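Listed below are the residues making up each chain.
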Amino acid sequence: MTGCSDSEEVKKGTDPSQDEPKQEEKKEAPESGSDSGAQKQDFSETKSFQDLQHVPEDQVDIINQLPGEFAGKDVLSDEMEPIVSEYVENVPPLPENPTEEEYNQYVQYVFSLAADDFPDPNDLIKKWEFSMYGSPELKDSKYQFKDNYNVEIILDSSGSMNARVGDKTQMELAKEAIDEFVSNLPEGVNVSLRVYGHKGTGSDADKSKSCSGIEQVYGFDQYDSATFDKAINQFKPSGWTPIAESLKQSFKSFEKYDGKNNTNLIYLVSDGIETCDGDPVKVAKDFADSNVSPIINVIGFNVDSSAQKQLKDVAESSNGIYSTVTNKEQLTAEFDRAEEVMKRWESWKNDALRDADAQRVDNNFDILGFSNDWKFTQRSQYLRMVYIFTILKNEDKITPKQKEELRNRAKELRGLYEESIEEILANLESMNKKQIEDLKSEIKKKYTNEVD
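Residues numbered from 1 in each chain as written. Predicted model: local features only at pLDDT ≥ 70, side-chain atom pairs only at ≥ 80, totals over all residues. Heavy atoms only, no water.

(A) A look at helix α10 (residues 305–316). Between the first and last C-alpha of α10 there are 16 Å, a value that for twelve residues agrees with the 16 Å anticipated at 1.5 Å per step. Of all the positions in α10, only Ala 307, Gln 308, Gln 310, Leu 311, Lys 312, Val 314 and Ala 315 are classed as buried. (Helix = DSSP H or I, 4+ residues; strand = E, 2+ residues; numbered from the N terminus. Expected span 1.5 Å × (residues − 1). Buried < 20%, exposed > 50% of the residue type's maximum accessible area, 1.4 Å probe, protein only.)

Structure (structure tokens):
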């Protein structure tokens, strides 16, 4: 970032440790801030301040925080600033002499709007585990290579996949990434493509038709370019989101591929939450506990906080990986990991074993990427809070002096994120030296709420 920019665009290579840029004030608000005088505001009774996300107090809180209304947004851009200004229009102004509680409530309000989705060490560990498929260090037979490898992609084709990312729709980008993925799979891998949401429309009248309109449009079969291209290009996004029923139908198709003789992998790509009254988490757990014993990896494509929670629970029910992606490059990266595993499966069939030391080197690169993502997100979130304070000042909700005090509190919060990532990185580097079973046990103790 440049010294006096009004944009929050931050390059990945920017040093997150440097202090934030000096923000040019768009107009000076009167020192009094508002006509509220010295009256104490009961913000808790104001609609804007209800059901706010708690400000993190430790690492677990940070990892489990959900993205806010303006997560990932450049709130001072020409497009976004009027939207934010309108959003905060009904926020009560801070009193002339705010109490500690009132300051804290204002910080909580702005944090709830600005919060970003931070990378989860649990997800990184699961990726390590997934990358070690076939290793003799793994005790769980689910992760050991079998003679046969089956992979199914379940693709969301509901109406929301028409959303654009750049000059293409999410569906177009997903199809491109999936086509590239399956075209590079080793010979011998059985491929399936299942699609939902492509029948009917998103209207209530079409709900039943859309929720039941689930099709396996390819496979299980060896990859054939012409046949697969025809299958993946025959549908367009239009309807509802029956994730649970799609998993049920996938289970029926997989029943003949028992986990004793088959390595079974599923990729669910969705941009939204279940909308057909099913329970995808329960269905996924029953599926994972069956004789098929699949790994269900889930990719959330530009999902909101509600969809992220549900999709992550679906992945966790089978000890699969959940990943949030926002563009084709990130989506392709998730498929690349599976492609590498399947190439090792091909080598395994030829009696070649992956060197554990090479895996640990790969893990070190993952740790570096995790660190960069965390620090970039941390800086972006802090700047977004500061910029929302600026908008509040410009809307006469706070005075310049109050803005500076709120900014200092945001700095203190940023310090918690900085301390947390240093400890997390130290733990990850230490864990990388241990066997994967130890990794799983230790990460659960350190970074989840489900501690005995």
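Next comes the rest of the description.
(B) Seen up close, the nonpolar core. Formed by 47 residues in total, the largest nonpolar core has its most connected members in Trp 374 and Met 385. Those elements that provide at least two residues to this core are α1 (59–64), α3 (100–114), α4 (121–131), α12 (356–394) and α13 (400–431). Here the element with the most residues in this core is α12; it accounts for twelve residues. Setting aside chain neighbours within four positions, we find Met 385 in contact with Val 107, Val 110, Phe 111, Ala 114, Ala 410 and Leu 413. Ranked by size, the runner-up nonpolar core spans 39 residues in total, among them Phe 145, Met 161, Met 171 and Leu 265. (Core = buried A, V, L, I, M, F, W, Y, C linked by side-chain atoms within 4.5 Å. Contact = heavy atoms within 4.5 Å.)

(C) How the structure looks around the pairing of strand β8 (residues 322–325). Examined bridge by bridge, strand β7 (residues 295–301) and β8 share four bridges and lie parallel to one another. Following the sheet pairing, Ile 299 is matched in β8 by Ser 323. For the handedness criterion, the β-α-β arrangement of β7, α10 and β8 is classed as right-handed. (Pairing = 2+ DSSP bridges. Right-handed = clockwise from strand over helix to strand, strands pointing away.)

(D) Representation of the side chain of Asp 120 in the model. For Asp 120, the location among the structural elements is in the loop between α3 and α4. Of the polar contacts made by the side chain of Asp 120, one reaches the side chain of Asn 122; its length is 2.8 Å. Those residues within four positions of Asp 120 in sequence are excluded, and the remaining contacts are Ile 63, Lys 312 and Phe 370. (Polar contact = N/O pair within 3.5 Å; in protein donor to acceptor, adjacent residues only side chain to side chain.)

(E) Broad picture of the state of the cysteines. In the structure shown here, the tally under the stated rule is one disulfide. At a sulfur-sulfur separation of 1.9 Å, the disulfide partner of Cys 211 is Cys 276. With the S-S dihedral at roughly -80 degrees, the linkage between Cys 211 and Cys 276 falls on the left-handed side. On the criterion of sequence distance, the pair formed by Cys 211 in helix α6 (residues 207–212) and Cys 276 in the loop between β6 (262–270) and α9 (280–288) is long-range, its members being 65 residues apart. There is no split in this pair, since Cys 211 and Cys 276 are both buried. (Disulfide = S-S within 2.5 Å.)

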